[in-house]
Amino acid sequence: MVRKMLWKKNSIVIAILLLIIVNGYVVAIELPAIVGQVKEDNNDYLGVNTSTVDFTSAGTWNENFYLGSKIEIENNLAYVLAYPNGLLIFDISDPFAVVKKSVIRVGEAVENLHVDDGFVYIADTNRDLIIVNATNPNSPYIVESLLLDVTITYDVFVEEKVAFVACGNDGLVFVNVSDPYAPSVINTNTGATVNVQSVTVKDNIAYLAMKNHGFMMLNVTDPINEAIIFENDDGSTVNQIEVEDDGLYLAKNADGLAIYNISNVSSPIAKGTFDNGGVTLDIATKDNLIYVADQRDGVDILNVTDENNPVLVSNIETPFDGWVTGIKLNGDYIYFIDAPNGLKGYNIADASNPSEELTYGIIGYAFDLAIGDDVAYISNGNITLSTVDVQNPNNPQGLGQWDGYTFTTQIEYYESYVYVLDMTGILIFDVTDPVFPQLVMNITGMTFANSFYINNDILYVLEGQDLHVMNIANPTMISVYPTFTDLDVYLRDIQVVSETVYLLDNTKTVHILDASNLNDISVISSYETLDYAYSMHYYLDSLFLSSNGFLEIIDVSDATNPIYIANFTDLTSWYMEDICIHDGLFYIALGFEGLRVLDVRSAYDIKQIGSFAANGSEYFYGLDVIDDTIYIASGFGGLRIALVDCNLDPVPEDPTTTTAIPETIILPGFTILAFTTSFAFIVTLVIIRKRRN
């Protein structure tokens, strides 16, 4: 009996001791602190609560067309097509101060245009013939989109109120445009007119440039009963035909320039040729000089006083792999489209020494933007800097541009200056007058720079494995600190908070630096990420790391001891292009998938609360948020603006502020395991005791 009593007492004592030992062991374990738990697997939790945040589409501003293509000039106005669907109108009355009058989106895949009495006729490969009323160049509008019974349209020429439309294998279509608001087809010429690429009409003769079938001339005095005058089917491809006096000039696909004398139109005589070694896309003629769009080699200027022996006078080069697609003459000036670099203008009074007087980028691909003083500053693939007035979000207005032929990505606004990252380093612009941005500094020698950050007059630039540090209190007189080179890894992104620098590398590591002494920056800690991250953002003592398809959040309130908080998954997009945090809302640009918004006011209760879709082929790259307005740099979409209206729930109470938390965090799973183990042990002892009794 005494032995049984001792066993009973001892078993209870042992159980209690084991309970204390097991739980005490768990309490003593030093593990990462989990502040919050994101409910990753609950689809209802991740669903968008449409009543929480509402988006209203405001204005758009877009010059980010894919490629400039063709140009026409009438009454000192230049009409420029930009593929896939742009028409831009410029006032060129003063070649030194060309003014963009308007931009209008037309069609789906514009190919060529012709201007007649203020109306613009556009051949569009998908919409056939589009007619735009541009009699007021400040506000052009589409009056007709005429679908023809053809497969494709390449070119259009208007003569005597008849539009001649080149339609490939469907031949030549004649359209009555005496009333541009009610055009009507009057004839379709097929048969001998095979694969018509381009059409030029002069003195009732239509000159047809054809693919793989040379060229042809038609008498179109009576458009209903046209007749072939001459056909030269030599199997070559002719892109464009120009006629001046008795000269017929062919822009050939593989043989450069070919000249014919057409003093007798029924029997053209072959004259000289000029093989530029490339593809000739367009021709302009004036006073025995021929201006040839030599695709990759700019514009060739040829003297054809001797038709049998064209002589190269000079060449206008196109930088950075540009290529000329359309040219037109106006007085002593030549204007041409340098795809993808924009509209160019040269003084050719001295043809042997053309001088550039105009560069206006018209196309590009928006990558990033910055907002300052009601102006949006946009960087893109081909135009270094565009400025847009966004005082009225519903009606943004283009202000100016600076085109340096460089591929630009990141852009930041800081105290009336704009900093742009290009292929060579950092460009600094004074934008006191945003209509005319002034380049004040070009920090070169950083060919591989990929990110920068500005904090308290200090510019931090990442280049490869190096961190460059500069004082920009006076952007025109920059002073340089020693370059930090202690990390032998490629650096992806940077954040700077007060005197602490966070560097993200390409090996799953965040390096935290003490920059209190810029002459002697040192590493104070590091953090291993869950996966490869490519950007990071700081908010309320936390770093948000964007990885492939999820966010990882770490607590950096103690920079010497960064701690994992949580991660947020199911963003569906593989790649997060840009992130902006504003008033506790986390905006994420997700490329083709548009925009997602997370509520991150509480680190332990992150929620998705809204989404904003991209339109069509748009790709959301960069974004910025000012008050209740979202600005988005969208590839193929230019500048998108949306207004956001939030009705957020109160921030959940942080349990760490209401419950006493021991200095060492107890992980719930281990705690439950310890108590369960102890309880099971006690139950087992009781069962054993009963059986023995």
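Each remark here, short or long, concerns the structure printed above.
K.L.:
Pulling in residues and values, what's your account of the overall build of the protein chain?
P.N.:
Along the backbone of the protein chain there are three helices and 56 strands. The buried share among the 693 residues of the protein chain stands at 54%. Contacts spanning at least 24 positions in sequence make up 46% of the contacts within the protein chain whose residues lie at least 6 apart. Surface summary for the protein chain: the accessible area is close to 29,800 Å², and the carbon and sulfur share equals 49%.

K.L.:
Would you mind going over the pattern of salt bridges in detail, with residue names and values included?
P.N.:
Any two side chains of opposite charge can pair, so long as their charged atoms come close to each other. Going through the model one piece at a time under the given rule, you end up with seven salt bridges. Here K328 and E72 are joined by a salt bridge, their closest N and O atoms 3.5 Å apart. Of the two residues, K328 sits in strand β26 (residues 323-330) while E72 sits in strand β2 (residues 67-74), which places them 256 residues apart along the sequence. In this structure, K161 and D116 form a salt bridge, with 3.4 Å as the shortest nitrogen-oxygen distance.

K.L.:
Describe the sheet that holds strand β19 (residues 247-252), and please don't skip the residues or the numbers.
P.N.:
The four strands are arranged β18-β19-β20-β21 in an open sheet whose pairing can be described as antiparallel. Here the strands that pair on one side only, and so sit at the sheet edges, are β18 (238-244) and β21 (269-274). Sheet twist, expressed as the average angle between the axes of neighbouring strands with direction ignored, equals 20 degrees. Pairing between strand β20 (residues 256-261) and β21: four bridges, direction antiparallel. Counted as the bridge partner of N261 is I269 from β21.

K.L.:
How would you explain the packing of aromatic side chains if you had to name every residue and give the values?
P.N.:
Per the counting criterion, the structure on display carries 19 aromatic pairs. Both rings, one in F164 and one in F174, keep their centres 5.3 Å apart while their planes meet at 75 degrees; by these two values the pair is edge-to-face. Within this pair, whereas F164 is found in strand β11 (residues 162-166), its partner F174 is found in strand β12 (residues 172-176), the two being separated by ten residues in sequence. Each member of the pair, F164 as well as F174, carries the same accessibility label: buried. Judged by centre distance (5.7 Å) and plane angle (65 degrees), the ring pair of Y365 and F367 falls under edge-to-face. Assessed through its relative accessible area of 17%, F367 is described here as buried.

Conventions and cut-offs
Residues numbered from 1 in each chain as written. Predicted model: local features only at pLDDT ≥ 70, side-chain atom pairs only at ≥ 80, totals over all residues. Heavy atoms only, no water. Helix = DSSP H or I, 4+ residues; strand = E, 2+ residues; numbered from the N terminus. Buried < 20%, exposed > 50% of the residue type's maximum accessible area, 1.4 Å probe, protein only. Contact = heavy atoms within 4.5 Å. Areas by Shrake-Rupley, 256 points an atom, 1.4 Å probe, with all protein chains shown as cover. Salt bridge = Lys/Arg side-chain N within 4 Å of Asp/Glu carboxyl O. Pairing = 2+ DSSP bridges. Axes fitted to C-alpha atoms, helices over the stretch in contact; angles between N-to-C directions. Phe/Tyr/Trp six-rings, centres within 6.5 Å; stacked < 30°, edge-to-face > 60°.

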